[in-house]
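Now for the letters of each chain:
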Amino acid sequence: ISINCTITTKKDLSDMSDDESETSAAAQEEEEEEEEVTDLSNSDVCTKYQEASKIANLALTGLVSICIAGAKIIDLCQFGTAVIENQTGKLYNKKVNGMAIEKGVSFPVCISVNEVICNHSPLSSEELAPLKVGDVVKIDLGCHIDGYIAVAAHTLVVSESADSPPESVDPELANAAVAAYNAMLVAASAIRAGNKNNEVTEVVERVASNYGVNPIATVRMHQMKRFVIDGVKEVALKEPTPEDIDDGEEKVPECTFEQAEVYAIDVAMTTGDGKVRPADLRTTVFKRNVEANYRLKMKASRYVLSEVDKKFPTLPFTLRHFDDERTAKMGITECVSHGLLTPYPSLHEKAESKVVHFKCTVLLLPSGTSRVTGLPLPSYFKTDKEPDEATAAVLTEIADKAAKKAKKKASKKKKKKAT
């Protein structure tokens, strides 16, 4: 009987180790190749952006219908939040790799009235007077599904009821609203692959100049990525003057737009000088600065940071979302002073100034730039001023595309009914 025995030498073990290393490296390479695509070149990502956009528009539409005389700002904020949470709760409930898909509010519902420009989302304990006829309301909100963000903002004038829109609107306000809305449309059209951010700034400045209003200097348009609401690429509404730079305003670095990117087209304009001032209102909207760490001393501060890291690790939130509002108010200061949280303060213009704010989300698709959020301009905002020639040409092109799209949609609906 012949018995073959194999003796494993150190060299054999070394060779086996090398083989295993090569196999491991190959597997790692393959894993990297299969890394999840998180931009619009992935059709699933595109769908999530579209669904988030529908919900943002739904919440905005609902809020517009209840922004009437007597409405409380806190109730409006809670209504908008409930719509977003309820609607996102119906989608993508199947776990992926054992993990639930995150979804819900990507920017807290803010209701800013009259000279207050943005970021006003009051606490239950600090409610202001109810809305009254003639108040100018700016609604701002955001929704996300799996970190894919859609944002929108809208301006309206409060009336007695949803069925009775304002009979007359201050001409200066109406002119500013038309200017801001048109600037948003032409800016959205100008954000396309290959164009630069300074070209968009020029477009916005041209529209503002034509209508005799000023862009709000601190408002910026931002690129958005998964779980990132304010990406590196930005667009200024106006180029800072040497005086502005001396006052601390920074010039936005030049960038080029690329296909498959997503942007928030954010436009705020005023009949005032466009320079914002801190409001007396409490700052309630914050965002975690993920790069900052600090050993907090106060128990209330540690509670705040713990809750933020669990519930709002990357996206903006409001103190109203905390179970213990009192402790949250106590602990927020230390978190901000050590750079752990970035505040979004409520800002305002001069009391006599008329301020308007519109925002939409655009997707840079192979077929062109697609505007997926935002509502039509209220019909009571009218002005005698005509857009400049270049702006008029872009607005006509946008209107023609919208008309063709509506006609195609109606035709499909008709065929569906016929079958």
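It should be noted that the structure appears before, not after, this text.
Quick summary incoming for the structure in this document.

### So, helix α5 (residues 197–211)
Given 3.6 residues to a turn, an α-helix orients residues that are three or four positions apart in the same direction. End to end, α5 covers 22 Å across 15 residues, agreeing with the expected 21 Å (1.5 Å per residue, within 8%). Every buried residue of α5 is accounted for by N197, V200, T201, V203, V204, V207, A208 and Y211. The arc enclosing the buried residues of α5, seen along the axis, measures out at 160 degrees, which places them on a common side. Turned more than 90 degrees off the buried face of α5, the exposed positions are E202 and S209. Following α5 by one or two positions, G212 has its phi on the positive side, about 70 degrees.

### A few points about the environment of N114
Within the element layout of this structure, N114 appears in the loop between β1 (103–113) and β2 (116–118). For N114, a relative accessible area of 25% puts it in the partly exposed group. Remark: the alpha-carbon pair of N114 and V356, spanning 242 residues in sequence, is separated by 8.7 Å. Apart from residues lying up to four places away in sequence, N114 is in contact with D135, V136, K138 and V355.

### Brief notes about unusual backbone geometry
Even without being glycine, N97 reaches a positive phi, approximately 50 degrees. Here N97 is to be found in the loop between α3 (73–88) and β1. Even without a glycine there, the phi angle at D146 is positive, about 60 degrees. Relative to the helices and strands, D146 resides in the loop between β3 (136–145) and β4 (148–157). Given a relative accessible area of 8%, D146 falls into the buried group.

### Focus on the sheet that holds strand β13 (residues 347–348)
On the basis of which strands lie adjacent, the open sheet formed by three strands has the order β2-β13-β9 and antiparallel pairing. Whereas interior strands pair on both sides, the edge strands pair on one side only; in this sheet they are β2 and β9 (277–278). Here two bridges tie β9 to β13, and the two strands are oriented antiparallel to one another. Directly across from R277, in β13, lies its bridge partner H348.

### Regarding the packing of helix α4 (residues 171–190) against helix α9 (residues 389–418)
The N-to-C vectors of α4 and α9 enclose an angle of 75 degrees; their axes lie 10 Å apart at closest approach. With respect to α9, the element α4 is oriented roughly perpendicular. Contact residues: N182, L185, V186 and S189 in α4; T391, V394, L395 and I398 in α9. By residue class, the composition of the contact of α4 with α9 is five nonpolar, three polar and no charged.

### Comments concerning the packing of aromatic side chains
One pass over the structure, following the stated rule, counts ten aromatic pairs. A centroid spacing of 5.8 Å and a plane angle of 65 degrees characterise the contact between F107 and Y344, whose relative ring orientation is edge-to-face. Remark: Y344 occurs in strand β12 (residues 341–344) and F107 occurs in strand β1; sequence separation between them is 237 residues. A residue is classified by how much of its surface remains accessible, and Y344, at 15% relative accessible area, is buried. Ring centres 5.8 Å apart and planes at 65 degrees place the aromatic pair F317 and F322 in the edge-to-face group.

Conventions we followed
- Residues numbered from 1 in each chain as written.
- Predicted model: local features only at pLDDT ≥ 70, side-chain atom pairs only at ≥ 80, totals over all residues.
- Heavy atoms only, no water.
- Helix = DSSP H or I, 4+ residues; strand = E, 2+ residues; numbered from the N terminus.
- Expected span 1.5 Å × (residues − 1).
- Buried < 20%, exposed > 50% of the residue type's maximum accessible area, 1.4 Å probe, protein only.
- Arc of directions from axis to C-beta.
- Contact = heavy atoms within 4.5 Å.
- Pairing = 2+ DSSP bridges.
- Axes fitted to C-alpha atoms, helices over the stretch in contact; angles between N-to-C directions.
- Parallel < 35°, antiparallel > 145°, perpendicular 65-115°, else oblique.
- Nonpolar A, V, L, I, M, F, W, Y, C, P; charged D, E, K, R; others polar.
- Phe/Tyr/Trp six-rings, centres within 6.5 Å; stacked < 30°, edge-to-face > 60°.

The quantities given are spatial measurements derived from coordinates; they are silent on function.
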